[in-house]
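What follows is each chain in one-letter form.
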Amino acid sequence: MTGLVLAAAGSGRRFGSEVPKQFLELRGRPLYLHSLETFLTYCGCAVVVVPPDHVDQAEGEVKNLQGGERILVRPGGEQRQDSVRRGLEALPEDADLVLVHDAARPFCSSALIERVIESARLHGGCIPVLPLSDTVKEVEEGQVVRTLERSRLRRVQTPQGFRRPILEEAVRRAAQDGFVGTDEASLVERLGRPVRTVEGEAANVKITWREDL
Ligand code: CTP
Ligand code: MG
């Protein structure tokens, strides 16, 4: 069975709204519910990780979704990685494949979820990626250090999918070593485990700044 950890425990510092961005209404419902509903078709269980003071509210909201009885709500942690670890710990035993998704990406399609699940089952780990259109340079104190080879670079999205034991080991080892990554794949990569890529989606944007909505 595939399990989902929906990371919705951030405070949205860059977005800067009173209510964290994932709880803002979009077309009549909180942002985080949009992706959750899409995932429930493919995931037998889900853990939604939210800020500790939003647990009661989220429990009330997910109850009303179709498949709501398969959703748990848990308080998140300081770093995204801590939130994901808590979600992972709460996933039912029979979830052997795990998808981790940013609640701040409400427009993820069913086709993308299917691609990630299929490849993660096959290879152990999978992430959606897109090519870059801008040139990327390494900069130090306002000075260009070097230009990176754009054709070899990709920008990375969620959902990211992993066989559960791989992700669990990666999360445990990162905590042990004090390593903080910006996505789950980076924790898996440092174990030397393979991470495959599938094509991401331009529409699968992460709501980060006010302009994004
Ligand atoms: N997230 C989380 N727990 C944290 C931090 C982030 O679950 N401690 C989640 C966010 O809720 C979001 C996703 O991870 O759905 C991607 O993070 P990001 O877009 O950076 O959201 P925030 O961390 O909330 O925003 P900011 O970095 O601007 O504060
Ligand atoms: Mg953040």
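Here, every reference points to the structure presented above.
Residues numbered from 1 in each chain as written. Chains lettered and ligands numbered in written order. Predicted model: local features only at pLDDT ≥ 70, side-chain atom pairs only at ≥ 80, totals over all residues. Heavy atoms only, no water.

Quick notes on the site of ligand 1
The immediate surroundings of ligand 1 are formed by 19 residues, with Ala7, Gly12, Arg13, Ser83 and Lys206 found nearest. Between ligand 1 and Ala8 there is a distance of 3.4 Å, counted from an oxygen atom to a backbone nitrogen or oxygen. Between Gly10 and ligand 1, the recorded distance is 3.0 Å, taken from a backbone N or O atom to an oxygen atom. Using a 2 Å cut-off from the grid points, one finds that ligand 1 occupies the largest pocket. Residue classes in the shell around ligand 1 are distributed as five nonpolar, seven polar and seven charged. (Near = heavy atom within 4 Å. Polar contact = N/O pair within 3.5 Å; in protein donor to acceptor, adjacent residues only side chain to side chain. 1 Å grid on protein atoms, 1.4 Å probe; cavity = no way out; pocket = protein on both sides within 12 Å on 5 of 7 lines; lining within 4 Å. Sits in = over half its atoms within 2 Å of the grid points. Nonpolar A, V, L, I, M, F, W, Y, C, P; charged D, E, K, R; others polar.)

Some details on empty space enclosed by the protein
Once rolled over the atoms, a probe with the size of a water molecule shows which space is left empty. This structure, assessed with the given rule, holds one cavity of 30 Å³ or more. One number sums up the size of the largest cavity: a volume of about 30 Å³. What lines the largest cavity is simply Arg80, Gln81, Gly181, Thr182, Asp183, Glu184 and Leu187. Going through the elements one at a time, helix 3 (80-90) and helix 6 (184-189) are the ones with two or more residues in the lining of the largest cavity. Across the lining of the largest cavity, the residue classes tally to one nonpolar, three polar and three charged. (Points joined across faces, edges and corners; volume = space filled by probe spheres on them. Helix = DSSP H or I, 4+ residues; strand = E, 2+ residues; numbered from the N terminus.)

Details of the pattern of salt bridges
All told, the structure shown has 12 salt bridges when counted by the stated rule. Of the charged contacts, one joins Asp96 and Arg121 as a salt bridge, the two residues approaching to 3.5 Å between their closest N and O atoms. Of this pair, Asp96 sits in the loop between helix 3 and strand 6 (97-102) while Arg121 sits in helix 4 (residues 110-123), and the two are 25 residues apart along the sequence. Between Arg190 and Asp177 there is a salt bridge, with its nearest N and O atoms 2.9 Å apart. Separated by 13 residues along the polypeptide, Arg190 in the loop between helix 6 and strand 12 (196-199) and Asp177 in helix 5 (residues 164-177) bring together distant segments of the chain. Of the residues examined, Asp177 reaches a relative accessible area of 44% and is grouped as partly exposed. Because the salt bridges share partners, they merge into one network encompassing Arg80, Asp102, Arg105 and Glu184. (Salt bridge = Lys/Arg side-chain N within 4 Å of Asp/Glu carboxyl O. Buried < 20%, exposed > 50% of the residue type's maximum accessible area, 1.4 Å probe, protein only.)

Brief notes about unusual backbone geometry
The omega torsion across Thr158 and Pro159 is 10 degrees, close enough to zero to call that bond cis. For Pro159, the location among the structural elements is in the loop between strand 10 (155-156) and strand 11 (160-163). Non-glycine residue Arg27 carries a positive phi angle of around 45 degrees. For Arg27, the location among the structural elements is in the loop between strand 2 (25-26) and strand 3 (29-30). Residue classification places Arg27 among the exposed residues on the basis of a relative accessible area of 70%. Of note in this structure, Glu141 is not a glycine but carries a positive phi near 45 degrees. Looking at the element boundaries, Glu141 is found in the loop between strand 8 (137-140) and strand 9 (143-147). By relative accessible area, which is 85% here, Glu141 ends up exposed.

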